[in-house]
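Notes for the structure review
Here are the chains, one letter per residue:
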Amino acid sequence: MKKLTLILALLCPLVTIAQLKPVAESEIFTEPEDGYARMLLLKNGNTAYLRITKKDGLDVRLYDRSHKQIAVKTLEPDYGKLRAMSVEGIYDVAGNITVFISEWENSVPTLYRVQIDAQTGDLKETRTIATLDKTTMGQGYAMAFGGVPVPDFIVRKDPNSDNYGAIRYNTFVSDRDKRVELIQYNASGVETARNFLAAPDGKYKYTQILDFVIVDQEAYALLYSFNTAHSGGASNELLLASVKDGTPHYFNLGRSITRRINDGILRYNHVTKNLIFLTTEHISTEKGGWGKSENKYATQFSIIDPANPSIKKSVDFRQSSLRPKYKKVFKDSDEGFVGMPQQLYINEDGSFTVLLEEVAQIMKSSRSTMGAGGYYNAGVQLGSAAIITYNEDGTERNSVLIPKSQTTIPGMFGGASEYVTVTSFYIAARNNTAVALAAGNQFKSLVYLNGKEKSYVMLNDVEENEERIQKGKLTNIKGVSDCNAYIYDITGVTTPIPARTMAFEKAGKRDRNLAIFNISDYDRETNTYTTLKLEKGNGVKVVWMSE
């Protein structure tokens, strides 16, 4: 027996458990505190860090396969003054870091494509690829006070090829059939198709683009077409537009008599060849006392067979195993978990995962010395999150609860205020784009990663919540100076709350241990994750992690 015990003792150190941990770090550089930032793991093995600002150009840092810095450059693309800048997408396309930036140049919405050499970091080309009609003052009032959607661009890339597409969306175009236009491009950036997308037969006055995907040479778009009480009655349809061989075809996915769809996302499952969509529909707003109100929403979550367009299965979040887990932790909660879907991920085996989060806009009242009063945006409360994974047929596989409490801070003097005005699917919106850096909000929210061996959730939190989480009483995070970066290993977790560990080792109590997880990137082929880690003296390092 003693010999057997000795043998087991010798073998134990050889048994390792896959865990996401740092494998390399860059040299320190100045922490970015404004503009927009993004990490990108490139197909040539390099790693890129990008920071885009309105005044100081576009910063690029490149690292090779061995994590050695090979380029540090500040580029000055010819794209105007970026008065109302938005980063629409950042992708690795045919050996180029391709950045899509939109702005309103003299009230004309404009979409630029900036191509950067992925080997050298040099600027190769800046090109205007789409514009919209100039916006008038009257249209500005309609957007601000009439609920008319803002003219916009949407860019999406096929994850399995270098084909991509851009949507031009403008509700002010007089011809109702020309308000949504899809432009498709091949890997060389050459336009391959251009189509207007609208409800067939001019049935509806308004058509709203919710999302679209590019699948090789084809495209699928999720559209919401509707009339108002003043334009033909409150009728509407959710439509799937399938664009094949340059021609769109339309399929009805359902009607809603009284509710209006606010937002939606569409994903292509490369394993099952199905499409999956999620939409949110505003039901009502209930007043809850002075300055308080609660919006109630319905969700539609369904799987579509694009070969024979029809809804194969609809999924109901209310039946999730998450509900009893939440009640076990938050015993005093009357409503239970009230999170809204924020992102939909397709996994390698054909299963799919939904990230939900509790979100509440905080509005406070103010009164001036003249007696006038009003409300102002005091931030956004980001509550607990949930990760629910479904098998490819839509049956639930497991659910995980991530208790947290964070409050975002409005950007001062208009700085990045869009980041704290959280909309539906805001986490989905930041994927493949850049994240606003303002007021420390870039350290809040959370990131889900389905790694090669395990699945993780990453966020910054205070150490005291380690114990408080177990009691359902959390310290709210406003400032992040006392926070650490944590990783939850949620693989196969059956307990109400998964365990968490610090993402990085701390040599001393005063060491900074924060990460800007929101700008991170992951490459499944090399099983590499990269993000920015804060260091002493307002510096940061690029850190590479692997299992």
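As the structure is a computational prediction, the values presented were derived from the model and not from experiment.

About the criteria used
- Residues numbered from 1 in each chain as written.
- Predicted model: local features only at pLDDT ≥ 70, side-chain atom pairs only at ≥ 80, totals over all residues.
- Heavy atoms only, no water.
- Helix = DSSP H or I, 4+ residues; strand = E, 2+ residues; numbered from the N terminus.
- Buried < 20%, exposed > 50% of the residue type's maximum accessible area, 1.4 Å probe, protein only.
- Contact = heavy atoms within 4.5 Å.
- Areas by Shrake-Rupley, 256 points an atom, 1.4 Å probe, with all protein chains shown as cover.
- Phe/Tyr/Trp six-rings, centres within 6.5 Å; stacked < 30°, edge-to-face > 60°.
- Lys NZ or Arg CZ within 6 Å of the ring centre and 35° of its normal.
- Arc of directions from axis to C-beta.
- Pairing = 2+ DSSP bridges.
- Axes fitted to C-alpha atoms, helices over the stretch in contact; angles between N-to-C directions.
- Core = buried A, V, L, I, M, F, W, Y, C linked by side-chain atoms within 4.5 Å.

Brief notes about the overall build of the chain
Looking only at helices and strands, one finds 5 helices and 35 strands in the chain. Each of the 547 residues in the chain was classed as buried or not, and the buried ones make up 52%. In the chain, of all internal contacts separated by at least 6 residues, the share reaching a separation of at least 24 is 53%. If you sum the accessible surface of the chain, you get close to 25800 Å²; carbon and sulfur atoms cover 50% of it.

Overview of the side chain of Asn 527
With respect to the secondary-structure elements, Asn 527 resides in the loop between β33 (521-523) and β34 (528-535). For Asn 527, the residues in contact, after removing those within four places along its chain, are Lys 452, Tyr 522, Met 545, Ser 546 and Glu 547.

Some details on the packing of aromatic side chains
Two descriptors summarise a pair of aromatic rings, namely the distance from one centre to the other and the angle between the planes of the rings. Inspection of the entire model under this criterion finds 15 aromatic pairs. The rings of Tyr 91, Phe 100, Tyr 164 and Tyr 185 are connected pair by pair, giving a single aromatic cluster. In this structure, Arg 113 is placed above the aromatic ring of Tyr 185, and the distance from its NZ or CZ to the ring centre is 5.8 Å.

Let's talk about helix α3 (residues 322-329)
Inspection of α3 places Leu 322, Lys 325, Tyr 326 and Val 329 among the buried residues, and these make up the whole buried set. Looking down the long axis of α3, one finds its buried residues gathered within 100° of arc, a one-sided arrangement. More than 90 degrees from the buried face of α3, the exposed residues found are Pro 324 and Lys 328.

Focus: the sheet that holds strand β10 (residues 123-131)
Two strands in a sheet stick together by hydrogen bonds in their backbones, pointing the same way (parallel) or opposite ways (antiparallel). Taking strand neighbours across the sheet as the criterion, the 4 strands line up as β7-β8-β9-β10 in an open arrangement whose pairing is antiparallel. The sheet is open, and its two borders are formed by β7 (86-93) and β10, each paired with just one other strand. Averaged over all pairs of adjacent strands, the angle between their axes in this sheet comes to 20°, without regard to strand direction. As defined by bridge partners, β7 adjoins strand β8 (residues 96-105) across 7 bridges and the pair is classed as antiparallel. Bridge pairing in β8 links Val 93 to Asn 96.

Considerations on the nonpolar core
Ranked by internal contacts, the top residues of the largest apolar core, which has 42 residues, are Phe 301 and Ile 490. By residue number, the principal contributor to this core is strand β25 (residues 373-390), which donates 7 residues. For Phe 301, the contacting residues outside a window of four places in its chain are Ile 276, Phe 277, Leu 278, Lys 313, Ser 314, Val 315, Phe 317, Leu 344, Phe 352, Val 354 and Tyr 390. Counting residues in each nonpolar core, the second largest holds 25 residues, with Val 60, Leu 82, Ile 101 and Ile 116 among its members.

Overview of the pairing of strand β12 (residues 164-169)
With 6 of 6 residues buried, β12 lies mostly within the body of the structure. Across the two faces of β12 the burial is the same, with Tyr 164, Ala 166 and Arg 168 and Gly 165, Ile 167 and Tyr 169 all buried. Here strand β11 (residues 152-157) pairs with β12 via 6 bridges, running antiparallel. Its bridge partner lying in β12, Lys 157 is registered against Tyr 164. Where β11 folds back on β12, the antiparallel hairpin that results is connected by 6 residues. Here β12 pairs with strand β13 (residues 180-185) via 6 bridges, running antiparallel. Bridge pairing in β13 places Ala 166 opposite Ile 183.

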